[in-house]
Amino acid sequence: MEKVIEGIYFIPGRDEMIPDSHVYILGESHSRDLSMLDVGLMGRGDEKLDHIEQGGIRLEDIKRIILTHTHFDHIGCIKEIIAGLPDAEIWVHQIEGDYLERGDEKIIHGNEMFAGFIRSQYGVKDGFYQLSVHRKLSEGDVLEIGGLSWEVLHIPGHSAGGIGLYNPKNKVLIPGDTVYADYNIGRFDLYSADGNQLRHSLERLSQLEAEILLPGHNRILKEGARESIRETLVRWKQYLG
Ligand SMILES: [Zn+2]
Ligand SMILES: [Zn+2]
């Protein structure tokens with residue numbers, strides 16, 4: 001677990017045939033009001049919890065799991081995490097929260113090919129990811145958690161209920177899979193994705209005063225986030241409708 005700045009810790013994903021999302025732990029450790037942002041691929045829960053404990057964080061201080069979106073590589077091990085954090089709440093954008101509550105796994109799987117692969121490779125039965133959501137997030141919500149303030153940005157395009165979290169004070173942006181730090185963007189061919197919406201979301205993110213970019217995969221950036229997103233938009237917008 002790597003400290004990005006005070007109150008933000010980074011656990012890199014370890015990809016298999018399917019990627020494993022990065023996990024971020026948000027909140028100043030003395031606050032005892034920490035959040036786990038995304039959990040990662042199925043089978044990786046215990047490993048993630050070990051990293052957190054080895055980093056000196058008490059598991060009981062993690063009060064909630066926030067999901068940037070509910071693709072399998074971000075939500076996969078959530079039941080393992082819930083087993084280790086039984087009192088933690090689940091916070092997710094309203095749209096994908098509704099899918100989770102009614103056990104509709106189309107966004108989790110993304111398409112029929114992945115659904116088949118996940119069922120056979122991981123033995124996941126239909127309905128496995130039906131979950132209660134404690135808080136459904138919306139555009140404009142401000143989360144005052146763990147001594148930091150985060151604005152919730154609804155940034156659809158990669159998936160219908162994708163969110164970003166933005167901390168203006170420290171100029172930190174956590175965009176999920178909407179944009180990466182290597183001039184790439186999230187795919188926009190899966191269920192509920194939309195290239196035109198993704199372009200709008202990227203345009204929006206490119207307006208933010210952001211230095212630190214903490215995406216769902218690949219490298220992170222500790223400075224120059226805004227310039228990176230702008231360049232990414234220039235490279236991709238012709239493909240986004
Ligand atoms: Zn991902
Ligand atoms: Zn994704």
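What you see is a predicted model; the values in this text were computed from it and never measured.

A. Structural context of the overall build of the protein chain. Along its length, the protein chain carries eight helices and twelve strands. The globule rule puts the C-alpha radius of gyration for 241 residues at 18 Å, and the 16 Å found for the protein chain is close to it. With the principal axes as the frame, the protein chain shows a C-alpha extent of 45 × 45 × 30 Å. The buried share among the 241 residues of the protein chain stands at 48%.

B. Region of the structure containing the nonpolar core. By size, the foremost hydrophobic cluster in this structure holds 67 residues, and its most contacted members are Tyr24, Ile65 and Leu173. Sorting elements by how many residues they give to this core places strand E3 (residues 23–26) first, with four residues. Beyond its immediate chain neighbours, meaning those up to four positions away, Ile65 contacts Met36, Val39, Ile78, Ile81, Ala88 and Ile90.

C. Molecular detail of helix H8 (residues 225–236). The end-to-end C-alpha distance of H8, which contains twelve residues, comes to 16 Å, matching closely the 16 Å that a straight helix rising 1.5 Å per residue would cover. For H8, the elements touching its buried residues are strand E11 (172–174), helix H7 (195–206) and strand E12 (212–213).

D. Geometry of unusual backbone geometry. Notably, Arg32 is not glycine yet its phi reads approximately 55 degrees, a positive angle. Within the secondary structure layout, Arg32 lies in the loop between E3 and strand E4 (34–37). By C-beta crowding, Arg32 is classed as partly exposed, having 14 other C-beta atoms within 10 Å. We note that Asp38 has phi near 65 degrees; this positive angle belongs to a residue other than glycine. Along the polypeptide, Asp38 turns up in the loop between E4 and helix H1 (45–54).

E. Region of interest: the sheet that holds strand E10 (residues 163–167). Reading across the sheet, the five strands line up as E8-E9-E10-E11-E12 and stay open at both edges, with mixed pairing between neighbours. Each edge of the open sheet carries a strand with a single partner, namely strand E8 (142–145) and E12. Of the pairings in the sheet, the one linking strand E9 (residues 148–154) to E10 comprises four bridges and is antiparallel in character. From the neighbouring strand, Glu151 faces E10, where its bridge partner is Tyr166.

F. Structural context of the packing of H7 against H8. It is the contact of H7 with H8, at a shortest axis distance of 9 Å, that shows an interaxial angle of 150 degrees. Relative to H8, H7 is oriented roughly antiparallel. Pair H7 / H8 crosses with left-handed handedness. For the pair H7 and H8, contact is made by Leu202, Glu203, Leu205 and Ser206 and by Arg226, Ile229, Arg230, Thr232 and Leu233, respectively. Residues of the contact of H7 with H8, tallied by class, amount to four nonpolar, two polar and three charged.

Scoring rules and cut-offs
- Residues numbered from 1 in each chain as written.
- Chains lettered and ligands numbered in written order.
- Predicted model: local features only at pLDDT ≥ 70, side-chain atom pairs only at ≥ 80, totals over all residues.
- Helix = DSSP H or I, 4+ residues; strand = E, 2+ residues; numbered from the N terminus.
- Rg over C-alpha atoms; globule rule 2.2 N^0.38 Å.
- Buried ≥ 20, exposed ≤ 12 C-beta atoms within 10 Å, placed from the backbone.
- Core = buried A, V, L, I, M, F, W, Y, C linked by C-beta atoms within 7 Å.
- Contact = placed C-beta atoms within 7 Å.
- Expected span 1.5 Å × (residues − 1).
- Pairing = 2+ DSSP bridges.
- Axes fitted to C-alpha atoms, helices over the stretch in contact; angles between N-to-C directions.
- Parallel < 35°, antiparallel > 145°, perpendicular 65-115°, else oblique.
- Left-handed = near helix turned anticlockwise from the far one by under 90°.
- Nonpolar A, V, L, I, M, F, W, Y, C, P; charged D, E, K, R; others polar.

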